Amino acid sequence: MPIKRRFLYINDASPLQSQPFTWRKEWISPYESPWSIFEKFKYANRATVKDLFDLFGTTYSKSLKASNLSQKACNLITLEGLDESLLKKAFGLSIKEVNRRTINMLTNIFQKDDQQLYFHTILKLCPKCIKIGYHSIFHQFSLIHRCPFHNVSFVEGCPKCKRTMFYQLTDRYTKEPFRCKCGHLLFSLKNGQRYPVAWKQMSIQNQFNPLKYWITFNLNNVHEKFFLNIHPDSDLQKNDGVMEFILEAVSSNYKTNRSEIHRKVTFSSRICNLQLKDEHYEFNLKKEIYQSSRDTIRSIVSHIQKIFDNHSSCIRRLTTLNFNYSPYKPFKNCPYAFSFVHWRQFIEGADSVYDLGLKRKEVPFFNSTEYYFATNQDHNYLNDLLFWLRKACQIENIATLKWIINRVMSHLTVNHLKNWLRISHLYVKKRWCFMLLHLI
C-alpha cells in the first residue's frame with residue numbers, strides 16, 4: 001500500500017516540516033529494538049519494508065526489488081541496508097548508532113567477530129511488552145531468558161498461532177505491521193484508541209539485577225576483552241544461568257546464589273612459565289598434546305571401570321565377540337554396561353563395541369596442520385579450540401595449552417557418559433547396539 005503524505009515532528013523546538021510520512025521521536029523508548037521502531041513507522045504510514053528501503057535505504061538496497069532483498073540488507077543487528085544520515089533526519093536520532101551502542105553495551109567483553117552469535121535469529125517477544133508495541137534488543141540477547149522488565153518468559157513469534165518469525169527487516173512473516181499472518185494483532189488497541197496513545201513510553205526501571213550489573217561491567221571494561229569460548233552445541237536459551245556464571249567468572253565482585261549450576265576452575269600462573277618455544281615447537285606441541293590427551297582418556301576410562309566394577313561381567317559379555325550369540329537377541333538388561341561400552345566406542349572411535357579390546361594404534365607423525373587427540377568424538381571442537389587459544393588468546397606455552405585442553409576434554413568426556421546413562425534405559429530394553437560408520 002503506498003505511503004500517504006503526512007507530517008513529521010522533528011522535536012519540540014523545531015517547526016513542522018512537510019514530509020511524506022508521519023513520525024514522533026517520543027514514540028521510541030530506551031533500549032527499543034529497530035524491529036518495533038520500524039513496525040511502528042510502517043503501521044503509522046501504511047508502509048511496507050520496500051517503502052522503508054525506498055525512503056531510507058542505501059543506494060544499493062534502493063535498487064533491489066522487494067523479493068530480492070538479501071539477508072544482509074535486512075539484518076537488524078548491523079542495519080547494513082539503511083542509510084544512517086537519512087534515518088537520523090527522519091527519526092530524530094541515529095537509529096544505527098543507538099543500536100550499535102546498545103549491542104556493544106551487551107557484548108563489549110566478547111570478541112567483535114562473535115557479536116552476532118549472542119543474538120537470537122528468531123524473534124523473541126514479551127507478551128506484556130508487545131501489547132504497547134514495544135520490543136527490546138534485550139529480548140534478542142541470548143543470555144537473557146525472561147523479560148527483564150516483567151519477569152515473564154518469552155514467546156517465539158505469534159502468541160496466538162505460534163508462527164515463527166525471524167528478527168529481520170521483512171514483511172514475509174506478517175500480514176501487515178504488527179499483525180501476524182493468522183490475523184492476530186500483536187499490540188492491544190482498545191476501541192477508539194489511536195496508535196500514538198497505545199505506544200506509550202516503556203518504563204525500564206524494573207530490570208533484573210544481573211542485567212544491571214552486566215551492563216555496568218561491560219561499560220566499565222570497554223577497553224578490556226575476555227576470551228570466552230562457548231561450545232557450539234551449548235544451547236544458551238536453555239541455560240538460563242550463563243549470564244551470572246560469566247559475571248562470576250570475570251568479576252571478583254559479583255557473587256551469585258546459583259553456584260550449583262556451574263563450577264569455576266583456575267590454574268596456577270606458574271604453569272605459564274614451565275616451557276618456552278624452540279625450533280621444534282610445532283612438532284613438540286602436537287606430540288605432547290596427543291600424548292597428554294591419551295593419558296587423560298586412559299585415566300578417565302580406568303576410573304570409570306572401577307566405579308562400574310559390579311557390572312564387569314555385563315561389560316565383558318557386550319564386548320566379547322561370540323559367534324553363538326547375537327547382540328540383537330535378548331541379553332541381561334544392564335544400562336550401565338550398555339552406557340559404558342558405547343561411551344568408550346564413540347570417544348575412542350572404535351567401529352563397534354567388539355573392537356574395544358584391541359590395542360589402539362599410535363598416530364605415526366605430527367607434521368600435519370591438524371592436531372591429534374585421543375578422543376574421537378570431540379576431535380573437531382578441540383582442534384578449533386586449540387587454534388582459537390593460539391590465535392585469539394595468543395597462548396603459546398605448551399604446558400598451559402595442555403592443561404586447558406585436558407581440562408575441557410575431561411569435562412566433555414564425562415558429560416558424554418552422563419548422556420549415555422540418561423538414555424540407556426530406552427535402548428537396552430530394545431536390545432540395540434550401535435555401529436560407528438566411517439564415511440569416506
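Above this text is the structure in question.
Predicted model only: the values in this text are computed from it and were never measured. (Residues numbered from 1 in each chain as written. Predicted model: local features only at pLDDT ≥ 70, side-chain atom pairs only at ≥ 80, totals over all residues. Heavy atoms only, no water.)

Caption draft 1: Summary view of helix α1 (residues 34-45). Given a rise of 1.5 Å per residue, twelve residues ought to cover 16 Å, and the 16 Å separating the end C-alpha atoms of α1 matches this to within 8%. With respect to burial, α1 is a largely interior element, eleven of its twelve residues being buried. Those residues of α1 lying buried are Pro34, Trp35, Ser36, Ile37, Phe38, Glu39, Lys40, Phe41, Lys42, Ala44 and Asn45. After α1 finishes, the residue Arg46 shows a positive phi value of roughly 50°. (Helix = DSSP H or I, 4+ residues; strand = E, 2+ residues; numbered from the N terminus. Expected span 1.5 Å × (residues − 1). Buried < 20%, exposed > 50% of the residue type's maximum accessible area, 1.4 Å probe, protein only.)

Caption draft 2: How the structure looks around the state of the cysteines. Within this structure, the stated rule accounts for zero disulfides. Looking at the unpaired Cys314, the closest cysteine sulfur is the one in Cys334, lying at 3.8 Å. The class for Cys334 is buried, based on a relative accessible area of 7%. (Disulfide = S-S within 2.5 Å.)

Caption draft 3: Summary view of the environment of Gly183. Locating Gly183 in the fold gives a position in the loop between β7 (179-180) and α6 (195-198). You can call Gly183 partly exposed: its relative accessible area is 27%. Sequence separation between Gly183 and Cys161 is 22 residues; the distance between their C-alpha atoms is 9.5 Å.

Caption draft 4: Highlighting the environment of Arg317. Within the secondary structure, Arg317 is located in helix α10 (residues 312-319). Take Arg317: its relative accessible area is 42%, and that puts it in the partly exposed class.

Caption draft 5: Focus on helix α11 (residues 335-348). With 14 residues, α11 should reach 20 Å at 1.5 Å per residue; the first-to-last C-alpha distance of 20 Å fits that figure. Among the 14 residues in α11, twelve count as buried, and that is most of the element. All of the buried residues along α11 are Ala337, Phe338, Ser339, Phe340, Val341, His342, Trp343, Arg344, Gln345, Phe346, Ile347 and Glu348.

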